[in-house]
Amino acid sequence: MKNIGLIAILRWLVLIVCIFFWHKAQAQIQPKPIINASIQGQIIDANTKVGIPGVTVRLEAVTHSVRTDDQGHFSFITGQTLPAILHISSLGYESLQTTFNQGDFEILLKPELSNLEEVVVVGYGSQRRADIIGAVASVPKLVLNQSLSSFDQALKGAVAGVQVTQTSGQPGGGVSIRVRGGASIQGGNEPLYVIDGFPLYSEAQGTGVNAGASINPLAAFDMGEVEQIEILKDAAATAIYGSRGANGVILVTTKKGRAGPTQINYSNRFGQQQIARKIPLLNASEFALLRNEALFDSNPALGPFQYLSQEAIGDLGEGTNWQNEAFRKAGIQQQQLSLGGSSERIQYYLSGNYFLQDGILRNTDFDRLGMRANISVQATERLKIETNLAIQRTKSTIAPGGIINALLLMPPTATIYEQDGSYTLRNPFENIFSNPIASLLETINKTASTNIFGTSYAQYRLLKGLHAKVLFGLDAKSQNDSYYTPSSIYEGASNNGNAALGSRSYYSWLNENTLTYDVNWRNHHVDVLLGFTQQEARNEYFNAGAQNFVTDELTVHSLQSGSTLIRPNSDAYDWVLHSYLSRINYNYDNRYYLSASVRRDGSSRFGPNNKFGIFPSIALSWRASNESFFQQYLPGINDLKFRTSYGRTGNLEIGQYQSLATLNTLNYLIGGNILTGFTPQRLGNPTLGWETTTQYDLGFDIAFAKNKVQFSFDTYYKRTTDLLLNVEIPWTSGFSSALQNFGTVSNRGYEFQLRINPLSGSLQWTSDLNFSVNRNRVLALGNESESYIIGNYIVQVGQPLGTFYGAKTDGVLQLGEEQSQGVFTGNAEPAAGDRRYVDSNNDGLFNVASDRTIIGNAQPDFTIGFSNSLRYRNFELSFLLYASVGNEVINENNQNLEMFSGQQNASAAALDRWTPQNPSNEIPRAKLDPAPVFSDRYVEDASFLRLRSVELQYRFPVSVNRLLHIKQLSVQLSAQNLWTWTNYSGFDPEVTSGSNVQPGRDAGIYPIAKSFHAGVAITF
């Protein structure tokens, strides 16, 4: 994989171009038939790219017509003069008129855009889209066709009301998803994922060994296996998941076998990644001048050239560019081989996949190998059995923690290696941090896991419309982590090598038992769901380590060789969830709809007095377009539906045993001996309960212009109460705080979703536009508290989560202002060139602690997603634009780089720093020991518009396929994160820490890459 690059891509492009022009040349030398011509081709589903059987193909002005075979092929002979006009039609597809000239050709037939008969997966079942009352959004197919390490990354900009932000560009790194805003302060805010019926919460868990970004658990699933994704947003849709539905639910369905003969598919995508931009920094000569100034400012008596003379500075040149040394162009590859089809009673889908992504930082990567078997058997007329099983093996090499900060701050005058060939250990000046290239290349920081994930169910028809279903599921993981810093680098030099190993074993099993009854009676339709589910999980881990090795050769493979053993650590936890659920859906004459559900959950995570919660919902809908009078007055509208819903959901993601009093182990030295004892760690709370979210939703769906324009609107209000917070308690209890149910947060907003199909025929165009606005606000914090501060953030009543708290800047102190304005610098001995700050509390001076105020927040004003697909003959172009407007980011990288101390490198902004000859009012002077002050200088507008993905695909015609003895051949060129328009000065504006109360924080996060891909897909 590491050899894949531009040369490999060019080879494929040359082959593709040669085949393309060979085909065109052949077409040109063939004589053009005029009469008695043979017309033949294939009709293909525009979405699935599979041939459609039973399509009617008719020649204009004649009655003769033919139907396609089971693979979508057709042929007949006509006496008409060519070119001829063909009329193509099939039930469930848009009719098409096209011109036939000569040779074999392919026609893409699109499903009817009304989508009313489309079956959509919902909680514990499926419904026609026409019958859905809640806010359920389907992810467009085109966004799933990307080379990404996990499917959740593909959700960016895909659906209204869903904000997706990547937490790290590390290969296999995670994302943070907020469905209609975040509500919890100390609990989980990520949505619930339900994959083939198995609920799971995506939370990275380690063994305490690795340093750096966590690997996304969802990266174990290959994107090529995903058939469709639905996102449940309002309480009417999510309440059926009860205590896990407050943050939204994402339903993922993997591919199944299709009706028809066996079909083999192979696809291979490969490409190259690179960093989108680098941070402008000082070179060696510029840095030396800065350090001279800082040293002179500290002690003028020693003169202006205390670090290097002017002549020596002139000889430095550019010095070491640490970013160039660390970042690289990296390969990416994705392969999949699948086999699917059906016999009389069995449908099957078998696949194998391989994904390898090298990181744009050297010595980082993510590797996945997986297999899947989805088999459905109609055992008898009444009994259906289905199994979905996946086995995955993932391996990752993780960038060490703090590596980005070290790359930016390492002085360019420092070298990677000493003259003797050994590594330079660290920054040679007072601010100590390690050589980042040595850390990248020599540190072993790896994790590997084996995952078994699957569900299996049996469904039996007891009576007409009455089905009993029993489902079992398993999610099992085995994880091994390793970490080693050799004695040749700074981190391991002081202890002659440092090794650690960790192992984790996790499993979760699921059992669901449901009864469904579906009946139609005259104009009435009712379906009822009753069920009992139980899920249990257990997690165990341990780690151990050693130091002081005789040699680095054995790395982590001989802990016993270390003379100093690190105390081992182990832990385990369990959780259990038992639930009863019910739902009824009713509609009268496809005009009036009612849906109601209730779920009762019992969780082991909560106190003995509050283990059970009840989560109801109700939704109503009126399809006005089905009224007898409607078409008479509004004939241009094809569909119009009004919806409203109310419901309550919960959030149980607080960790385990939080309601219980716990003990902590401590070592004591008694009589020269080390003894181990226990001390109280946490106060119990027997009444600890759920965070409860009450949500109201009002919306409508409309379609007109023969369903070529579809528009949906939703407005909602979410109120989350009984927030789980560590509340201060009297010190006489022996503790400073206890976890209790206090506080309230609200989210209100609105969403637009527009889908249009302005062009059909030879040129087809489908466009999806979504627009979202969400306003988050803290309403109460409990115990009459109005706010509390966490680092550079404040959680305050009346303000949104993610509110920044710091000083406001007011220019730079100039010569002659030291006496009158110096009190606003916060320095005991102010001098011209110091940064000046606003006296927010009007007490006549600036104090860091008392003059902080609100200076921004991470919440966007609105987000937009815009996806398009254009098809012309055998070509297809698709692209996705994504924008976030109004969100701000704390650029902590820039805060560190603007400490012009001469002890570390600095931002290129230092070239415009204050000097007596350059009295800047924006950039302060060089100073050996500056006091770091967090201010609005480091809060940046991170609004952006990004060309998230673009792909051009060419599907070879039937004549080429027959020549190669295959069913279908296509090639693709694509790019991701190709262009980003933003004023943000960091690596990338789309960044977050993933924290509930500290989002929008860019603190040495692995940058996101842009990438270019080429691929080929073959069907046999």
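Residues numbered from 1 in each chain as written. Predicted model: local features only at pLDDT ≥ 70, side-chain atom pairs only at ≥ 80, totals over all residues. Heavy atoms only, no water.

Digging into the overall build of the chain
In step 1: Along its length, the chain carries 12 helices and 51 strands.
In step 2: Taken over C-alpha atoms, the radius of gyration comes to 32 Å for the chain, in line with the 31 Å a tight globule of 1020 residues would show.
In step 3: For the chain, the spread of C-alpha atoms along the principal axes amounts to about 105 × 75 × 65 Å.
In step 4: Expressed as a percentage of the 1020 residues in the chain, the buried residues total 53%.
In step 5: Look at the contacts in the chain between residues 6 or more apart in sequence, and 70% of them connect residues 24 or more apart.
In step 6: When the accessible area of the chain is evaluated, it comes to approximately 43,300 Å², of which 55% is carbon and sulfur surface.
In step 7: Of the charged side chains in the chain, 79 are positive and 87 negative, and the gap between their average positions amounts to 9 Å. (Helix = DSSP H or I, 4+ residues; strand = E, 2+ residues; numbered from the N terminus. Rg over C-alpha atoms; globule rule 2.2 N^0.38 Å. Buried < 20%, exposed > 50% of the residue type's maximum accessible area, 1.4 Å probe, protein only. Contact = heavy atoms within 4.5 Å. Areas by Shrake-Rupley, 256 points an atom, 1.4 Å probe, with all protein chains shown as cover. Lys, Arg positive; Asp, Glu negative; His and termini not counted. Charge placed at Lys NZ, Arg CZ, Asp CG, Glu CD.)

Looking at the domain arrangement of the chain
When the parts of a complex come together, some accessible area is lost, and that lost area is often taken as the interface size.
In step 1: Considered domain by domain, the chain is made up of domain 1 (1-30), domain 2 (31-109), domain 3 (119-254) and domain 4 (263-283 + 318-560 + 568-807 + 857-887 + 942-1019).
In step 2: Taken together, the contact between domain 3 and domain 4 spans 88 residues of the former and 144 residues of the latter.
In step 3: Overall, the association of domain 3 and domain 4 removes approximately 8,800 Å² of surface from exposure, summing both partners, and the carbon and sulfur fraction of that is 50%.
In step 4: Among the residues of domain 3 in contact with domain 4, Ile133, Arg180 and Ile185 are the three that bury the most area, contributing 9% of the side total.
In step 5: Counting every contact that joins domain 3 to domain 4 gives 7 salt bridges.
In step 6: A salt bridge links Glu990 to Lys156; the nearest nitrogen and oxygen atoms lie 3.2 Å apart. (Domains from an automatic or database assignment. Buried area = accessible area lost by both parts, 1.4 Å probe. Salt bridge = Lys/Arg side-chain N within 4 Å of Asp/Glu carboxyl O.)

Some points on the environment of Ile566
In step 1: As for its placement among the helices and strands, Ile566 is situated in strand S26 (residues 564-588).
In step 2: With 19 residues separating them along the chain, Ile566 and Gln547 place their C-alpha atoms 7.3 Å apart.

Things to note about the UniProt feature "domain: TonB-dependent receptor plug" (unreviewed entry) in the chain
In step 1: The positions that UniProt labels "domain: TonB-dependent receptor plug" (unreviewed entry) are, in the present scheme, residues 131-249.
In step 2: Secondary structure content for residues 131-249 is 3% helix and 24% strand, while the C-alpha to C-alpha distance between its ends is 19 Å. (UniProt positions renumbered as here; feature names shortened; annotations may be inferred.)

A closer look at the pairing of strand S49 (residues 968-982)
Within a regular strand, the side chains alternate between the two sheet faces.
In step 1: The pairing of strand S48 (residues 944-955) with S49 spans 11 bridges and is classified as antiparallel. Along S49, the bridge assignment pairs Ser949 with Gln976. (Pairing = 2+ DSSP bridges.)

Notes on the packing of aromatic side chains
In step 1: Scanning all chains against the criterion turns up 31 aromatic pairs.
In step 2: Judged by centre distance (6.0 Å) and plane angle (50°), the rings of Phe700 and Phe711 are tilted. In this pair, Phe700 sits in strand S32 (residues 691-704) while Phe711 sits in strand S33 (residues 709-721), placing the two residues 11 residues apart along the sequence.
In step 3: Taking relative accessible area as the criterion, Phe711 reaches 21% and is therefore assigned partly exposed.
In step 4: Relative to Phe752, the ring of Tyr750 has its centre 5.7 Å away and its plane inclined at 75°; by these criteria the two rings are edge-to-face.
In step 5: A relative accessible area of 34% places Tyr750 in the partly exposed class.
In step 6: For Phe752, a relative accessible area of 27% corresponds to the partly exposed category. (Phe/Tyr/Trp six-rings, centres within 6.5 Å; stacked < 30°, edge-to-face > 60°.)

Focus on the sheet that holds strand S39 (residues 793-796)
In step 1: With respect to topology, 4 strands assemble into an open sheet ordered S38-S39-S40-S43, the strand pairing being antiparallel. Two strands lie at the open edges of the sheet, namely strand S38 (787-790) and strand S43 (853-857), each paired on one side alone. Here the average twist between neighbouring strands, direction ignored, is 40°.
In step 2: Direction of pairing for S38 relative to S39: antiparallel, over a ladder of 4 bridges. (Axes fitted to C-alpha atoms, helices over the stretch in contact; angles between N-to-C directions.)

Details of helix H3 (residues 284-298)
In step 1: In this model, H3 (15 residues) spans 21 Å end to end at C-alpha, consistent with the 21 Å of a helix rising 1.5 Å per residue.
In step 2: Residues of H3 that are buried: Ala284, Ser285, Phe287, Ala288, Leu290, Arg291, Asn292, Ala294 and Leu295.
In step 3: Those residues of H3 that are buried are in contact with helix H4 (310-316).
In step 4: If you check the start of H3, you find a side-chain oxygen 3.2 Å away from the backbone N of Ser285, and it comes from Asn283. (Expected span 1.5 Å × (residues − 1). Polar contact = N/O pair within 3.5 Å; in protein donor to acceptor, adjacent residues only side chain to side chain.)

Focus on the pattern of salt bridges
In step 1: The tally for this structure, following the rule as stated, stands at 40 salt bridges.
In step 2: When salt bridges with common partners are traced through the structure, they connect Arg180, Lys233, Arg643, Asp697, Asp701, Asp714 and Glu751 into a single cluster.

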